[in-house]
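Each chain, letter by letter, is given below.
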Amino acid sequence: MGERQRLVPFLTFHGDAEEAMDFYSVVLPDAKVTSIVRVEKGMPGDEGKVLHGELSFAGERIMFMDMAKENELPPFAWSMSLYLDCKDEAEFDAVFEGLRRGGTVMMGPEPVMQFRKVAWVVDKFGVTWQPVWG
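So, here's what we can say about the structure. (Residues numbered from 1 in each chain as written. Predicted model: local features only at pLDDT ≥ 70, side-chain atom pairs only at ≥ 80, totals over all residues. Heavy atoms only, no water.)

1. Description of the overall build of the protein
Which entries qualify depends on this criterion: Helix and strand assignments follow DSSP, with helices taken as H or I runs no shorter than four residues and strands as E runs no shorter than two, numbered in order from the N terminus. Between buried and exposed lies partly exposed: a residue is buried under 20% and exposed over 50% of the maximum accessible area for its type, with that area taken using a 1.4 Å probe on protein chains only. A contact between two residues is defined here by any heavy atoms of the two lying within 4.5 Å. Only the protein chains shown count as covering a residue, and every accessible area follows the Shrake-Rupley method with a 1.4 Å probe.
Check the secondary structure of the protein and you find two helices and eight strands. Counting helices and strands in the order they occur from the N terminus, the protein gives β-α-β-β-β-β-α-β-β-β. Taking the principal axes of the C-alpha coordinates as reference, the protein spans close to 55 × 35 × 25 Å. Counting the 134 residues in the protein, one finds 40% classified as buried. Considering only intrachain contacts with a sequence separation of at least 6, the fraction spanning at least 24 residues in the protein is 53%. In the structure as shown, the protein presents an accessible area of about 8,100 Å², 53% of it carried by carbon and sulfur atoms.

Shown next, in the form of C-alpha cells:
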C-alpha cells in the first residue's frame with residue numbers, strides 16, 4: 001500500500017451529502033463510495049444523514065458530511081475549486097458532461113496555455129471543479 005493521501009478535500013452539505021457522493025461516483029473515473037457512517041438517534045445532527053462519508057477515485061479520497069439543518073452553513077464558492085487532471089480527452093469529456101448536468105459552466109472547454117482543454121464548472125451541488133486535459 002502506498003503513502004496515505006495527506007491533503008483530503010472535505011465537503012460539507014446541508015442534507016444532500018449522500019446524493020452528492022452517488023453523483024460523483026458516476027461522474028468521476030473509477031469512483032466509488034467506500035464508506036458512509038450515518039447520524040444515529042441521540043447523536044447531534046439529523047438522524048440518517050451522513051456523519052462521515054468517503055469517496056475514492058484514481059487513488060484519491062474525498063470526504064463528506066451533512067451539517068444539521070439548524071446549523072448555518074456557508075455555500076460553496078467558486079474561489080475554492082477541485083482541480084482534476086484528466087488522463088485523456090475521453091475522460092475529460094465524460095467528466096465535463098457529467099459535472100455540467102444541472103450545474104453551470106463558468107468557462108470552457110477551451111485551450112489554455114499548455115492544456116488542450118480546460119473548464120470551470122459549478123456542479124448541481126455548488127461545488128466548483130476544474131477539469132483539465134493535455
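Still more to cover.
2. What to know about the packing of aromatic side chains
What counts, and what does not: What counts as a ring pair is set by centres within 6.5 Å for rings of Phe, Tyr and Trp (its six-membered ring), and what kind of pair is set by the plane angle: stacked under 30 degrees, edge-to-face over 60, tilted for all other angles.
Under the definition given, this model contains ten aromatic pairs. For the pair Y24 and F125, a centre-to-centre distance of 6.0 Å together with 65° between the ring planes defines the contact as edge-to-face. Taken together, the residues span a long stretch of sequence, with Y24 in helix α1 (residues 17–27) and F125 in the loop between β7 (115–122) and β8 (128–133) at a distance of 101 residues. When its relative accessible area of 11% is taken as the criterion, F125 is described as buried. One aromatic cluster is present, built from ring pairs that chain together F13, F23, Y24, F64, F76, F125 and W129.

3. A few points about α1
How we decide: To be clear, the arc concerns the directions from the helix axis to the C-beta atoms.
The set of residues buried in α1 consists of A17, A20, M21, F23, Y24 and V27. The buried residues of α1 occupy an angular sector of 165° when the element is viewed end-on, so they sit on one face. Where α1 is buried, its residues touch β1 (10–13), β2 (32–38), β3 (50–57), β4 (60–66), α2 (89–100) and β8.

4. Some points on a nonpolar patch on the surface
The condition that has to hold: Patches draw on residues past 30% relative accessible area with no salt bridge. Two like charges within 9 Å are joined, as are two nonpolar side chains (Val, Leu, Ile, Met, Phe, Trp, Tyr) within 5 Å. Throughout this description, the term salt bridge denotes a Lys or Arg side-chain nitrogen within 4 Å of a carboxyl oxygen of Asp or Glu.
There is a patch of nonpolar side chains on the surface, built from V37, M43 and L51 and spanning about 210 Å² of accessible area. If you trace the backbone, M43 turns up in the loop between β2 and β3.

5. Quick look at the pairing of strand β6 (residues 104–112)
Put simply, side chains in a regular strand alternate between the two faces of the sheet. Test applied: Paired strands are those between which DSSP finds at least two bridges.
Of the strand pairs in this sheet, β6 and β7 are connected by five bridges, and their pairing is antiparallel. Residue pairing across strands places E110 opposite V118, the latter belonging to β7. Turn length for the β6-β7 hairpin, with the two strands adjacent in sequence and antiparallel, is two residues, and the turn residue M113 shows positive phi of about 50°.

6. Quick look at the sheet that holds strand β5 (residues 81–85)
We apply this condition: Helix axes use the C-alpha atoms of the stretch in contact, all axes being lines fitted to C-alpha atoms, and the angles between their N-to-C directions lie in the range 0 to 180 degrees.
Within the open sheet, the four strands sit side by side as β5-β8-β7-β6. Their pairing is mixed. With partners counted over all chains shown, the strands left at the sheet margins are β5 and β6, one partner each. On average, each strand axis in the sheet is tilted by 15° relative to the strand beside it, whichever way the strands run. Where β7 lies against β8, four bridges are found, and the strand directions are antiparallel. Residue pairing across strands places V122 opposite T128, the latter belonging to β8.

Everything listed here is a matter of coordinates, which is why it stays silent on function.
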